[in-house]
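Below, each chain spelled out in residue letters.
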Amino acid sequence: MSASSKGSAINKNERFVYQDDELIEKPFNWGQLRRLFTYMKPYMRQLSPVIAMMILGTLTRLGVPALVILAIDEAISPENGESSIPKLLLFAGLMLLLYIIQWASNTYRIKYTNIIGQKVIYDLRKHLFQHIQKLSFRFYDKRPAGSVLVRVTNDVNSLQDLFTNGVVNLLMDCVQLLGIVIILLVWNFKLGLAVMITVPLMFLVSSSLRKRIRFAWQDVRIKQSRINAHLNESIQGMKVTQAYVQEKDNMGFFTKMNGVNMKSWDRASALNQTFGPVIEITAAIGTFILFWYGAHLIQQDVITVGLLVGYANYIGNFWEPINRLGQMYSQLLIAMASSERIFEFIDEEPTVAELKEAKPLPKIKGDVKFDQLVFEYEKGRPALKGVTIDVKAGQSIALVGHTGSGKSTIINLLCRFYDPVQGRVLIDGIDIRDVSIESLRSQVGIVLQDTFIFAGTIRDNIRYGRLDATDAEIVKAAQAVNAHDFIMNLPDGYDTQVEERGNVLSMGQRQLLSFARALLADPRILILDEATASIDTETELKIQEALKALLAGRTSFMIAHRLSTIRHADEIIVLDHGRIVEQGNHDALIAKRGVYNGLIEAQYRFL
Ligand SMILES: Nc1ncnc2c1ncn2[C@@H]1O[C@H](COP(=O)(O)OP(=O)(O)OP(=O)(O)O)[C@@H](O)[C@H]1O
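Note that the structure is predicted; figures quoted are calculated from it, not measured.

Trainee: Give me the overall build of the chain: which residues, what numbers.
Mentor: When you go through the chain residue by residue, the secondary structure sums to 22 helices and 12 strands. Burial status across the chain gives 31% buried among its 607 residues. In the chain, of all internal contacts separated by at least 6 residues, the share reaching a separation of at least 24 is 81%.

Okay, here's the thing in structure tokens:
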């Protein structure tokens, strides 16, 4: 390898660098938990019978060991003789009854906590999606699509356990623990105290584990988010990857990421597992104390054998909820991390905000004025440096200039995807910041360079321009833009199914479809981001004709790459580094022999 190629080689480790979501390291946050539970509020009425059933189930569970005590002391003990058989049957029958009640209440509880939980998750996901749809381009500029996806899928899913059974289980375990503590202390205070002596020790050990578990799960989330960002990018860019034969490299990078994620998960899950043994050891010590001290008390005639067996039973039911509460704590920590990330998005205000007093933009005529526009995507790097353009309704404007000169930025400001740093955009003399975004965008049509075709029929794809359009209107629009013939040649005509990104269709056909879509929407202002891909002359001619039909009577802005398409524009605006350097019609600009003429010559030279 030569020295120069060595110097310029890409360091593979530096490729695919994804900006991590900020590490969320806040302590357990009650306020946030309360906020999370506001999503349960609408279901409180449905939750009340579930809680009642849960309490009933817990009480019956607590009743079983009491019956065991009675059965042993009153019926099984030899001193009770033969007469004890009917009593034994009675206790056994009562026990059976308690088990049936317990089963019925559990079934009811599980069924309805699941239903309510799903509703809460549904609401939360809806709220989140509703909100992120409103967020401005600036928000999406900063984040890979994958990491946004993770919040709507993974993070919301990880709250599922909490809402489906977590909350009710938490209550149930607390009620059960409280019940057992009361029973143990009331029946024999000293024995009760002795068996519970290990509880503070257990809390001490487990609380130190909690922090480590929390950080470990946060780490897992970050690693997953990176994988998602990479996956998203890889899938979207698959064609480029294959064209440049980068699959091996890509695979290597993915494998590394995947491995790191697995290790992170293993670490978190191993830490999580340590909760169980801590509880088990404590339970074993508790049981040892019970039998050792209990036997002592039996010998001193302070308690009966039945009571000792009953205590053993209660103790058995004691560690189980404590263990579950430990797991619940981990679940809560995961939920905390997820909800912080979800709320961070929900709290994100759109940078392009609608004024409270914003009125709908009245039906427009189509005058547009860009007044001294200054704009920067990043502070200190202006993309537009004072652009003024005055456009009369019905005029066609072509924006030309080198790549990065600011053409798309002007369009972004006209659609209010961003707000200018200085200056104004006026439509029919109205500042677009004073009107509702919906009323503005619904009157401005855009035909993007990369026409997005949705999965569905050709008809549906055209109808996207105006959802209430009739079939006849759709055909009429397709005919007007020369799309009808090729559609009729497809296997099922207008009912032909197209794939997500319209891969069955050629570039030119996709563009004609998008013209039909725009024509159907019938906006007074139309923006065309012209496709750069070369299309055959026949299609080009069709597109030219279609354009004429589409632009007639509308104010139009065309970002032109193939300069041949803008020859007839009323006004050609030539941009350079965010400034207008020339302006006029084709003939005037050619006569000027300036920048535009240079661009034209360069294009012909290239051809
Ligand atoms: N989302 C963004 N974040 C940061 N900078 C941006 C962003 N979009 C554009 N820019 C920068 O703003 C400047 C103007 O970009 P713009 O997209 O308006 O150029 P353009 O003339 O439309 O280019 P092209 O012909 O390549 O589409 C460029 O320097 C570009 O790097």
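Picking up where we left off.
Trainee: I'd like a description of the site of the ligand, backed by residues and values.
Mentor: If you check the shell around the ligand, you find D141, Y377, E378, A383, G401, T403, G404, S405, G406, K407, S408 and T409 and nothing else. Contributing elements (two or more residues each) for the shell around the ligand: β1 (368-378) and α14 (407-414). Considering every element that reaches the shell around the ligand, the biggest residue donor is α14, with three residues. Partitioned by chemical class, the residues of the shell around the ligand number two nonpolar, seven polar and three charged.

Trainee: Just give me the short version of the nonpolar core, but keep the residues and values in it.
Mentor: In terms of nonpolar packing, the biggest core is built from 65 residues, with A398, L399, V481, F515, A516, M558 and I572 touching the most fellow members. Counting residues per element, this core draws most heavily on helix α19 (residues 507-521), which supplies seven residues. Excluding its chain neighbours within four sequence positions, the residues that come into contact with M558 are S396, A398, L399, L528, E530, I566 and A569. Residues M53, L124, M328 and L332 belong to the second largest nonpolar core, which totals 26 residues.

Trainee: An account of the sheet that holds strand β5 (residues 430-431) is requested, with residue identities and associated values reported.
Mentor: Ordered by their spatial adjacency, four strands build an open sheet running β2-β1-β4-β5, and the pairing between neighbours is antiparallel. Strands at the two margins of the open sheet, each flanked by one partner only, are β2 (381-391) and β5. The sheet contact formed by β1 and strand β4 (residues 422-427) spans five bridges and is antiparallel. Within β4, the residue paired with V374 across the bridge is Q422.

Trainee: Please give an account of unusual backbone geometry that cites residues and values.
Mentor: Here the phi dihedral of Q372 falls at roughly 50°; this positive angle occurs in a residue that is not glycine. One can find Q372 in strand β1. Unlike most non-glycine residues, R593 shows phi in positive territory, near 55°. Inspection of the secondary structure assignment puts R593 in the loop between α21 (586-592) and α22 (595-606).

Trainee: An account of the packing of helix α4 (residues 84-134) against helix α7 (residues 160-187) is needed here, citing residue identities and associated values.
Mentor: α7 packs onto α4 with a crossing angle of 145° between their chain directions and a minimal axis gap of 8 Å. Relative to α7, the crossing made by α4 is right-handed. Residue-level inspection shows R109, T113, N114, G117, Q118, V120 and I121 of α4 in contact with α7, the latter providing Q160, F163, T164, N165 and V168. Partitioned by chemical class, the residues of the contact of α4 with α7 number four nonpolar, seven polar and one charged.

Trainee: For the UniProt feature "transmembrane region" (unreviewed entry) in the chain, give the residues involved together with the corresponding values.
Mentor: Taken from the UniProt record, the annotation "transmembrane region" (unreviewed entry) applies to residues 50-72, 84-101 and 275-295. Helix makes up 100% of residues 84-101 and strand makes up 0%, while its end C-alpha atoms are separated by 26 Å. The distance separating the terminal C-alpha atoms of residues 275-295 is 30 Å; by composition the span is 100% helix and 0% strand.

Trainee: Explain the sheet that holds strand β9 (residues 525-529) to me, and be specific about the residues and the numbers.
Mentor: Spatial ordering of the open sheet is given by β6-β9-β10-β3-β11-β12, a layout of six strands whose pairing is mixed. Looking along the sheet, the strands with just one partner apiece sit at the ends: β6 (444-447) and β12 (579-584). For this sheet, the mean angle separating the axes of adjacent strands, direction not counted, is 20°. Taken together, the five bridges between β9 and strand β10 (residues 555-559) define a ladder with parallel strand orientation. Each bridged residue has a counterpart across the sheet, and for I525 the counterpart in β10 is T555. Along the sheet, α14 contacts β3 (396-401), β6, β9, β10 and β11 (571-576); its crossing angle with β10, the most-contacted strand, is approximately 145°. Most of the contacts of α19 go to β6, to which it runs at about 175°, and overall it touches β6 and β9.

Trainee: Before we move on, could you go through the environment of L575 and cite the residues and values that matter?
Mentor: Tracing the sequence through the fold places L575 in strand β11. Judged by the 23 C-beta atoms lying within 10 Å of it, L575 is buried. When neighbours within four sequence positions are excluded, L575 is seen to be in contact with L399, G401, S405, G406, K407, I580 and V581.

Trainee: So what's going on with the environment of I101? Residues and values would help.
Mentor: Along the chain, I101 falls in helix α4. I101 sits in the partly exposed class, given 17 other C-beta atoms within 10 Å. The spatial distance from the C-alpha of I101 to the C-alpha of L56 is 8.1 Å, given a sequence separation of 45 residues.

Trainee: Residue-level account of the pairing of β1, with values.
Mentor: One ladder, built from eight bridges, connects β1 with β2; its direction is antiparallel. The residue bridging E378 from the neighbouring strand is R381, located in β2.

Trainee: Quick one: what's the story with α7, residue by residue and with numbers?
Mentor: With 28 residues, α7 extends 40 Å from end C-alpha to end C-alpha; this agrees with the ideal 40 Å at 1.5 Å per step. Those residues of α7 lying buried are L162, F163, G166, V167, V168, N169, M172, Q176, I180 and L184.

Trainee: I'd like a rundown of helix α12 (residues 275-299), residues and numbers included.
Mentor: For α12, with 25 residues, the first-to-last C-alpha span of 36 Å sits near the 36 Å given by 1.5 Å per residue. Along α12, the positions that sit buried rather than exposed are F275, I279, T282, L290 and G294. Looking one or two places after α12, you find D301, whose phi comes out positive at around 60°.

Trainee: Would you mind going over the environment of R221 in detail, with residue names and values included?
Mentor: Summarising the element assignment, R221 is placed in helix α9 (residues 199-236). Judged by local crowding, R221 falls into the buried class, with 23 C-beta atoms found within 10 Å. Put simply, R221 and N261 are 40 residues apart on the chain and 8.9 Å apart in space, counted from C-alpha to C-alpha.

Trainee: Which residues make up the packing of α9 against α12, and what values do they have?
Mentor: Following both chains from N to C, one finds α9 and α12 inclined at 170°, their axes separated by 10 Å at the closest point. The pairing of α9 with α12 is recorded here as roughly antiparallel in orientation. Residue-level inspection shows L201, M202, V205, S206 and L209 of α9 in contact with α12, the latter providing F275, V278, I279 and T282. Class assignment for the residues of the contact of α9 with α12 results in seven nonpolar, two polar and no charged.

Definitions and cut-offs
Residues numbered from 1 in each chain as written. Predicted model: local features only at pLDDT ≥ 70, side-chain atom pairs only at ≥ 80, totals over all residues. Helix = DSSP H or I, 4+ residues; strand = E, 2+ residues; numbered from the N terminus. Buried ≥ 20, exposed ≤ 12 C-beta atoms within 10 Å, placed from the backbone. Contact = placed C-beta atoms within 7 Å. Near = placed C-beta within 6 Å. Nonpolar A, V, L, I, M, F, W, Y, C, P; charged D, E, K, R; others polar. Core = buried A, V, L, I, M, F, W, Y, C linked by C-beta atoms within 7 Å. Pairing = 2+ DSSP bridges. Axes fitted to C-alpha atoms, helices over the stretch in contact; angles between N-to-C directions. Left-handed = near helix turned anticlockwise from the far one by under 90°. UniProt positions renumbered as here; feature names shortened; annotations may be inferred. Expected span 1.5 Å × (residues − 1). Parallel < 35°, antiparallel > 145°, perpendicular 65-115°, else oblique.

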